[in-house]
Amino acid sequence: MTARTAIGAARTRPCTLVVCRGCCCGDARKYPGYDHDWQLARLRAAADASGGRLAVRTADCLGPCDQANIIVVQPSGEGRRRGGKAVWIGWSMGDDCTDEILRWAESGGPGITAPPATLELQFVQSAGERDRARR
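Predicted model, so just to flag it, every value in this text is computed and none were measured. (Residues numbered from 1 in each chain as written. Predicted model: local features only at pLDDT ≥ 70, side-chain atom pairs only at ≥ 80, totals over all residues. Heavy atoms only, no water.)

1. Digging into the overall build of the chain
When helices and strands are counted, the chain shows five helices and five strands. Against the compact-globule benchmark of 14 Å for 135 residues, the chain has a radius of gyration of 15 Å, which places it among compact chains. With the C-alpha coordinates of the chain rotated into their principal frame, the extents come out at 50 × 45 × 25 Å. Out of the 135 residues belonging to the chain, those deemed buried represent 44%. Contacts in the chain between residues far apart in sequence, at least 24 positions, make up 69% of those at least 6 positions apart. Put simply, the chain shows about 7600 Å² of open surface, and 51% of that area lies on carbon and sulfur atoms. Placing the 19 positive and 15 negative side-chain charges of the chain at their respective mean positions leaves the two points 10 Å apart. (Helix = DSSP H or I, 4+ residues; strand = E, 2+ residues; numbered from the N terminus. Rg over C-alpha atoms; globule rule 2.2 N^0.38 Å. Buried < 20%, exposed > 50% of the residue type's maximum accessible area, 1.4 Å probe, protein only. Contact = heavy atoms within 4.5 Å. Areas by Shrake-Rupley, 256 points an atom, 1.4 Å probe, with all protein chains shown as cover. Lys, Arg positive; Asp, Glu negative; His and termini not counted. Charge placed at Lys NZ, Arg CZ, Asp CG, Glu CD.)

Now the structure itself:
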């Protein structure tokens, strides 16, 4: 087995939440009754309070739109070295889901800490995984 060496920024990369805010995700017309702006503000506040252990980014459209809202939890550099992979979470709305995503990410995320079992029920395939599965 070949040893892997993390170089540069990858070594210290934080667990990162990529929040879809494209055509469907975060759209009050598609999902009225959810405060999408509040959720994003809450995620960003957690990242600000994390001392650099958590980051939040937004993306225009990640797909799969039929499972909106999508949040991707990307492993930290350490999580990646331990075998963690990005996890796509669908139907990511509401307080309970936001709480679980934050607890998991703040405790290390993929490769470091196991996700809450209830959150695993919302794991979805990325658009690329779906395409490969169809071939």
